[in-house]
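Each chain, written out:
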Amino acid sequence: MTGSSSTFPKNAWYVACTPDEIAAKPLGRQVCGEKIVFYRGVDNAVAAVEDFCPHRGAPLSLGSVKNGKLVCGYHGLTMGDDGKTIEMPGQRVGAFPCNKRYAVVERYGFVWVWPGDQQTADPALIRHQAWAQSEEWTYAGGMFHIHCDYRLMIDNLMDLTHETYVHASSIGQKEIDETVPITKVEGDEVVTARYMENVTPPPFWRMALRGNHLADDVLVDRWQICRFSPPSHVLIEVGVAHAGKGGYHSDQQHKVSSIVVDFMTPETETSIWYFWGMARNFNTRDEGLTQAIRDGQAKIFSEDLEMLEQQQRNILAHPDRSLLKLNIDSGGVQSRRILERLVALERVRES
Amino acid sequence: MTGSSSTFPKNAWYVACTPDEIAAKPLGRQVCGEKIVFYRGVDNAVAAVEDFCPHRGAPLSLGSVKNGKLVCGYHGLTMGDDGKTIEMPGQRVGAFPCNKRYAVVERYGFVWVWPGDQQTADPALIRHQAWAQSEEWTYAGGMFHIHCDYRLMIDNLMDLTHETYVHASSIGQKEIDETVPITKVEGDEVVTARYMENVTPPPFWRMALRGNHLADDVLVDRWQICRFSPPSHVLIEVGVAHAGKGGYHSDQQHKVSSIVVDFMTPETETSIWYFWGMARNFNTRDEGLTQAIRDGQAKIFSEDLEMLEQQQRNILAHPDRSLLKLNIDSGGVQSRRILERLVALERVRES
Amino acid sequence: MTGSSSTFPKNAWYVACTPDEIAAKPLGRQVCGEKIVFYRGVDNAVAAVEDFCPHRGAPLSLGSVKNGKLVCGYHGLTMGDDGKTIEMPGQRVGAFPCNKRYAVVERYGFVWVWPGDQQTADPALIRHQAWAQSEEWTYAGGMFHIHCDYRLMIDNLMDLTHETYVHASSIGQKEIDETVPITKVEGDEVVTARYMENVTPPPFWRMALRGNHLADDVLVDRWQICRFSPPSHVLIEVGVAHAGKGGYHSDQQHKVSSIVVDFMTPETETSIWYFWGMARNFNTRDEGLTQAIRDGQAKIFSEDLEMLEQQQRNILAHPDRSLLKLNIDSGGVQSRRILERLVALERVRES
């Protein structure tokens, strides 16, 4: 796969994995078509190189880390985090071909990787995540491997009308359908916001209200503010407040609010690593609540997984059909436009 | 897949499913290369449209039926049985592209579909099945998904010498091999008949004799009359009568006879939905017997399934080898000729 | 697949199966791209023909053997071990196309097949296996189906430095890495030998020492002499002797030694049937020991299987990368040269 045929920008920071995935041993994971091994190297810092031993092609991810260096599990070649072979029993390794190394940063509870042109990898470009650094917030989440184009997931998250149908028993409610969202493009960001007033809270939110010691049998104001930023990150401010208290802007004691965190990382053109979770700033020490929210989210996102994989298969089986772009799809459409622009820009630079 | 490259006629009635398959929710099934959703629509009538939501390509079969209308499970688009979008929350749907609709008829205990040119779909062309409408007959059967060209199954059913080998422990017997069948072509129908006299009934028929309160330890006359009709239906009159009582023409009290019902529906060029069963006109209220026959048939047809899938794989692995057409294959050969004629005719019409 | 594009010689003897695999019924197995049915024919002699019934293409391996003749399980065609149809119920078979027959020999506890030009199949070309015919030796082994190029397994076996990494808990030890092996080419044979002195025996060898009633807590001399012979056979003399007693040449009472037997048979360009085992000439009647060695080997070779399949996938995913040929790879490199020569020779003969 070359960058010029891909549908995703490669000069961007993607979430590669969570720290627990590299705690015990190296992790082999394909990101944007690149097979990469992630591990903790010198001083426990995250490191990433091409997952291919220059000796005989074994995946380095089958090996181990010794003294901060990656050791191939087949014949013991030792590689540095710059992709250069350091040593190999009985060999002079100076002329060994160098592996590609990948810029990798541990931040906000994730390991981030820049799969494209390494010259342009600037850690300052990782978008700031305030919730991840604040004492007042807590986070829990998970990861799914999904067989769909990463853009189908962006569409999904930037148009929450699907909640009414896909998640009818948890967060869906008729008023989502009935409330037209407002979409704005702000530079490279797309924001789609929907505000509903005087609605009955659906089961997931009743659980959250109780979790924050608030009455769950009253009408609420509800909001969903979806923010897309490239390459594939969607953060959604969601919440409910007791009706008439100011809604989104109400005082903390009248509401439960949180941020749905969605980092999609393309594996191939039609498969992704989907990191999902929820950050919240209420009742943060209640681990039972954290677990209940996480379980609820896992169930909800499993419903999306099923729909998206079937949608992907159906689209591939109907190459002649085009999709509609309605007002509710505006968030996804605007996000795709930004992505197309970024991908086109990469092509120009390459050529 | 276009009609012009297919090996099956598309302007024909095929069995799509049985009513129980659409009782609880819509059914997505590919027929002759077309992905179709089948469901009960207005007034509980069967309906079928392309299984593709014009909005974002989700399979409509993941949705539900509300007030006789198909509702997409992703964003709630509602489609009529004419393939036109009726409504969608917050949208004007007049300009939405129309889905292909498929003529579909519920008859004889099956749902029939016409996957080709809808202008030519005439329910009168569904071949009459007398056994399915008579009080004197009962029917039970099942369905298998088999990875083989539908014509391999026609060959199988139009040459029952394979019973001696594939079904040695149930319906096979040496005399099948030793009796030359007579094949006749009558218009679009092919009939292959074999009559055996004074033979020992094999286990399946001994069970059936007992089921009809007849002695099972005497010699019998046995018959097999296979009737192929396009596109892919084979009905086989089978039975045994106590020897010397007139065989096929003997009085009802001396024989057990039934019709093996085989409706093959191509999914792709090399896979089918195989609807099989047995209709009988003796001891029809004995549900234990019905079950015993159905179980016996399921076991027998499983043996065919294994052989046909392996045969298909072997043929694909040997593209340079051609198959023999012997006298015993005459039923299949004649059936294939009719099919080739029908397919060629469709190509002419298309061009 | 034609011989001219393959990476393996076809005019060679390969191990097809073990006798137990054809004891009860015919065996269908693909060797060097040829789908072959192996069975015991006339006088219980092994026989092999193309696994394709000339009638309707069913695999003959689904059939049975009657009176030494292969009977197709679909319609009863009977084939001789010369690939000619002998009879078929109700048919004149003289003009039936003839199946390819394969030279096949039962020897040394294996069934050997010559998949290429049958004119050149000479049983005298099966390399002599002294251990298999001697009363003083016993043998036990197994078979794995592995998804890798057969040459990756030759590389693996001709460079045992991988034991240090892949088999660290059983036969690996640091001294293997530290001792440079000597590789010699002797005609069509390649020999790679490594001798280590005064080393601690690793767990597998301690078990073997105890199994031969020798102290296992003393230093030993250890040897590994790998012998490749075409097309794909690697026999490895391995053993340890109590240190200072003469090593490889020490008296029988001071050592345990055995031969690791590896016969690789290509199924396709990237998959093999791997027959592995160990022949030993000590304590040969101890069946508990035989079982312990076989279990130990099965575990060790499972580790190779995992590594080789991942290596194969990684190489296929990196078509642009070439592999290094180091001094430790010399055994594999020399073996590949012989194979390339043999394959080139076959191409010349074909053209």
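This is a predicted model, so every value here is computed, not measured. (Residues numbered from 1 in each chain as written. Chains lettered and ligands numbered in written order. Predicted model: local features only at pLDDT ≥ 70, side-chain atom pairs only at ≥ 80, totals over all residues. Heavy atoms only, no water.)

1. Observations concerning the interface of chain A and chain B
For clarity, the cut-off: When checking whether two residues touch, look at their non-hydrogen atoms; a contact exists if any pair is within 4.5 Å. As used here, buried area is the combined drop in accessible area, with a 1.4 Å probe, of two parts when they are placed together. By salt bridge we mean one thing: a side-chain nitrogen of Lys or Arg within 4 Å of a carboxyl oxygen of Asp or Glu. Under this definition, polar contacts are N or O atom pairs within 3.5 Å; protein pairs additionally need one hydrogen-donor-capable and one acceptor-capable atom, and for neighbouring residues in sequence, both atoms have to be side-chain atoms. Strands are runs of DSSP state E lasting at least two residues, helices are runs of H or I lasting at least four, and both sets are numbered from the N terminus onward. Basically, the charged four are Asp, Glu, Lys and Arg, the nonpolar ten are Ala, Val, Leu, Ile, Met, Phe, Trp, Tyr, Cys and Pro, and anything else, Gly included, counts as polar.
Taken together, the contacts link 28 residues of chain A with 24 residues of chain B. Summed over both partners, the interface of chain A with chain B comes to about 2300 Å²; 57% of that surface belongs to carbon and sulfur atoms. The tally of links from chain A across to chain B stands at two salt bridges. Among the ionic pairs, B:Arg56 bridges to A:Asp155, the shortest N-O distance being 2.7 Å. Taken together, the connections running from chain A to chain B amount to 12 residue pairs in polar contact (both at pLDDT 80 or more). When residues of the side of chain A that touches chain B are traced back to their parent elements, those giving at least two are helix H1 (150-158), helix H2 (163-166), helix H3 (174-178) and helix H5 (287-317) of chain A. At eight residues, the largest contribution of residues to the side of chain A that touches chain B is made by H5(A). Its residues assigned to classes, the side of chain A that touches chain B shows 11 nonpolar, nine polar and eight charged.

2. Thoughts on the packing of aromatic side chains
Spelled out, the test is: Only Phe, Tyr and Trp rings take part, Trp by its six-membered ring, and two of them pair if their centres are within 6.5 Å. Stacked means planes under 30 degrees apart, edge-to-face means over 60, and tilted covers everything else. Note on classification: 1.4 Å probe, protein chains only; a residue is buried when its accessible area is under 20% of the maximum for its type, exposed when over 50%, partly exposed between these limits. Two limits define a charge over a ring: the Lys NZ or Arg CZ must be within 6 Å of the ring centre, and within 35 degrees of the ring normal.
For the structure shown, the criterion picks out 42 aromatic pairs over all chains. Centre to centre, the rings of A:Trp223 and A:Tyr248 are 5.6 Å apart; their planes meet at 80 degrees, and the pair counts as edge-to-face. With a gap of 25 residues between them, A:Trp223 in strand S14 (residues 220-229) and A:Tyr248 in the loop between strand S15 (233-242) and strand S16 (255-268) connect regions that are remote in the sequence. With a relative accessible area of 2%, A:Trp223 lands in the buried category. According to the relative accessible area criterion, A:Tyr248 is partly exposed, its value standing at 23%. Measuring from centroid to centroid gives 6.2 Å for B:Phe8 and B:Tyr150, while their planes differ by 65 degrees, and the two rings are edge-to-face. In this pair, B:Phe8 is assigned in the segment before strand S1 (14-17) and B:Tyr150 in helix H1 (residues 150-158), connecting sequence segments 142 residues apart. Of the two residues, B:Phe8 and B:Tyr150, neither departs from the other in class, the shared state being buried. Each residue in the set A:Phe110, A:Trp112, A:Trp131, A:Tyr139, A:Phe263 and A:Phe275 is aromatic and connected to the rest through ring pairs, giving one cluster. Over the aromatic face of B:Trp273 sits the side chain of B:Arg29, whose NZ or CZ is 4.4 Å from the ring centroid.

3. Topic: the sheet that holds strand S10 (residues 110-114) of chain B
All names here are of chain B. The test is simple: Should DSSP find at least two bridges between two strands, the strands are regarded as paired. Here an angle of 0 to 180 degrees is reported between the N-to-C directions of two axes, which are lines fitted to C-alpha atoms, with helices fitted over the stretch in contact.
In space, the three strands of this open sheet follow the order S1-S10-S9, with antiparallel pairing throughout. The open sheet has two edge strands, S1 and strand S9 (103-107), and neither has a second partner. Taken over all neighbouring pairs, the strand axes of this sheet differ in orientation by 40 degrees on average, direction set aside. With three bridges joining them, S1 and S10 adopt antiparallel strand pairing. Bridge assignment links Val 15 to a residue of S10, and that residue is Trp 112.

4. A look at the relation of the copies chain C and chain A
Spelled out, the test is: Copies overlap after least-squares fitting; the atoms used are the C-alpha atoms of residues with pLDDT of at least 70 in both.
Turning chain C through 120 degrees and shifting it by 0.1 Å along the axis lays it on chain A, with an RMSD of 0.1 Å. Taken together, the rotation angle and the small translation identify this as a three-fold axis.

5. Focus on the domain arrangement of chain A
How big an interface is tends to be expressed through the accessible area that disappears when the partners come together. Residue and element names in this part refer to chain A. Selection rule: Domain delimitation in this document rests on an assignment produced automatically or drawn from a domain database.
Looking at chain A, the domain boundaries give domain 1 (3-125) and domain 2 (134-350). With 24 residues of domain 1 at the contact, the number on the domain 2 side is 22 residues. Each partner contributes to the roughly 1900 Å² buried at the junction of domain 1 and domain 2, and carbon and sulfur atoms together form 60% of this total. Linking domain 1 with domain 2 are zero salt bridges. Joining domain 1 to domain 2, the criterion identifies 10 residue pairs in polar contact (both at pLDDT 80 or more). When contributions to the side of domain 1 that touches domain 2 are tallied by element, the ones reaching two or more residues are strand S1 (14-17), strand S2 (27-31) and strand S10 (110-114).

6. Focus: the UniProt feature "domain: Rieske" (unreviewed entry) in chain A
Applied cut-off: UniProt positions are given in the numbering used here, feature names are shortened, and annotations may be inferred rather than shown by experiment.
UniProt records the feature "domain: Rieske" (unreviewed entry) at residues 13-113 of chain A, using the numbering of this structure. The straight-line gap between the two end C-alpha atoms of residues 13-113 of chain A is 5 Å; of that span, 0% is helix and 41% is strand.

7. A word on the pairing of strand S11 (residues 138-146) of chain B
Residue and element names in this part refer to chain B. Along S11, the buried face is formed by Thr 138, Ala 140, Gly 142, Phe 144 and Ile 146; none of Tyr 139, Gly 141, Met 143 and His 145, which line the opposite face, is buried. By the bridge criterion, nine bridges tie S11 to strand S17 (residues 271-280) in an arrangement that is antiparallel. Bridging from a neighbouring strand, Tyr 139 pairs with Ala 279 of S17.

8. A few points about the sheet that holds strand S2 (residues 27-31) of chain C
Strand pairing in a sheet takes place through backbone hydrogen bonds and is either antiparallel or parallel in direction. Residue and element names in this part refer to chain C. Spatially, three strands are ordered S2-S3-S4 in an open sheet, and the strand pairing comes out antiparallel. At either margin of the open sheet sits one strand with a lone partner, and together these are S2 and strand S4 (46-50). Across this sheet, the average inter-strand angle for adjacent strands is 35 degrees, counted without regard to direction. Looking at chain direction, S2 and strand S3 (residues 34-40) are connected through five bridges and run antiparallel. Residue Gly 28 lies in a different strand from S3, and its bridge partner there is Val 37.

9. Concerning the interface of chain C and chain A
Of the residues lining the interface, 28 residues belong to chain C; the matching set on chain A comes to 24 residues. Carbon and sulfur atoms supply 58% of the area that chain C and chain A bury against each other, a total of about 2300 Å² over both sides. Contact with chain A buries surface across chain C, with C:Tyr165, C:Arg321 and C:Leu324 losing the most and accounting together for 29% of the total. At the junction of chain C with chain A, the criterion picks out two salt bridges. For the interface between chain C and chain A, the tally reads 12 residue pairs in polar contact (both at pLDDT 80 or more).

10. Considerations on the pattern of salt bridges
This structure, assessed with the given rule, holds 48 salt bridges over all chains. For A:Asp188, the salt bridge goes to A:Arg341, with nearest N and O atoms at 3.3 Å. Of this pair, A:Asp188 sits in the loop between strand S12 (182-186) and strand S13 (189-199) while A:Arg341 sits in helix H6 (residues 330-350), and the two are 153 residues apart along the sequence. With a shortest N-O distance of 2.8 Å, C:Arg40 and C:Glu106 are connected by a salt bridge. On the criterion of sequence distance, the pair formed by C:Arg40 in strand S3 and C:Glu106 in strand S9 (residues 103-107) is long-range, its members being 66 residues apart.

11. Description of the environment of C:His242
All names here are of chain C. Position of His 242 among the secondary structure elements: in strand S15 (residues 233-242). His 242 sits 43 residues away from Val 199 along the chain, and the two C-alpha atoms are 9.7 Å apart. Here the side chain of His 242 touches Ala 215 through a polar contact of 2.8 Å, landing on its backbone oxygen.

12. With respect to the side chain of B:Thr179
Residue and element names in this part refer to chain B. Locating Thr 179 in the fold gives a position in the loop between helix H3 (174-178) and strand S12 (182-186). Judged by its relative accessible area of 19%, Thr 179 falls in the buried class. A polar contact is formed between the side chain of Thr 179 and the backbone oxygen of Glu 175, at a distance of 2.7 Å.

13. Thoughts on unusual backbone geometry
The phi angle of most residues is negative, glycine excepted, and most peptide bonds adopt the trans form. The omega torsion of the bond from A:Pro230 to A:Pro231 falls at 5 degrees, within 30 degrees of zero and hence cis. With respect to the element layout, A:Pro231 can be found in the loop between S14 and S15. The phi dihedral of A:Asn44 is positive, around 65 degrees, even though this residue is not glycine. The residue A:Asn44 is located in the loop between strand S3 (34-40) and strand S4 (46-50) in this model. Looking at A:Asn44, the relative accessible area reads 52%, which means it is exposed. Phi at B:Asp43 is positive, roughly 55 degrees, even though this residue is not glycine. If you trace the backbone, B:Asp43 turns up in the loop between strand S3 (34-40) and strand S4 (46-50).

14. Let's talk about the environment of C:Met207
Residues and elements named next belong to chain C. Positionally, Met 207 belongs in helix H4 (residues 203-211). Measuring from C-alpha to C-alpha, the distance between Met 207 and Leu 289 comes to 8.9 Å, with 82 residues separating the pair along the chain. Leaving out residues up to four positions away in the same chain, Met 207 has contacts with Leu 289, Ala 292 and Ile 293.

15. Some details on the confidence of the model for chain A
Applied cut-off: Per-residue confidence from the predictor is reported as pLDDT, which spans 0 to 100.
Per-residue pLDDT for chain A averages 94, and the proportion of residues at 70 or more is 99%. Note on the complex model: pTM 0.93, ipTM 0.92.

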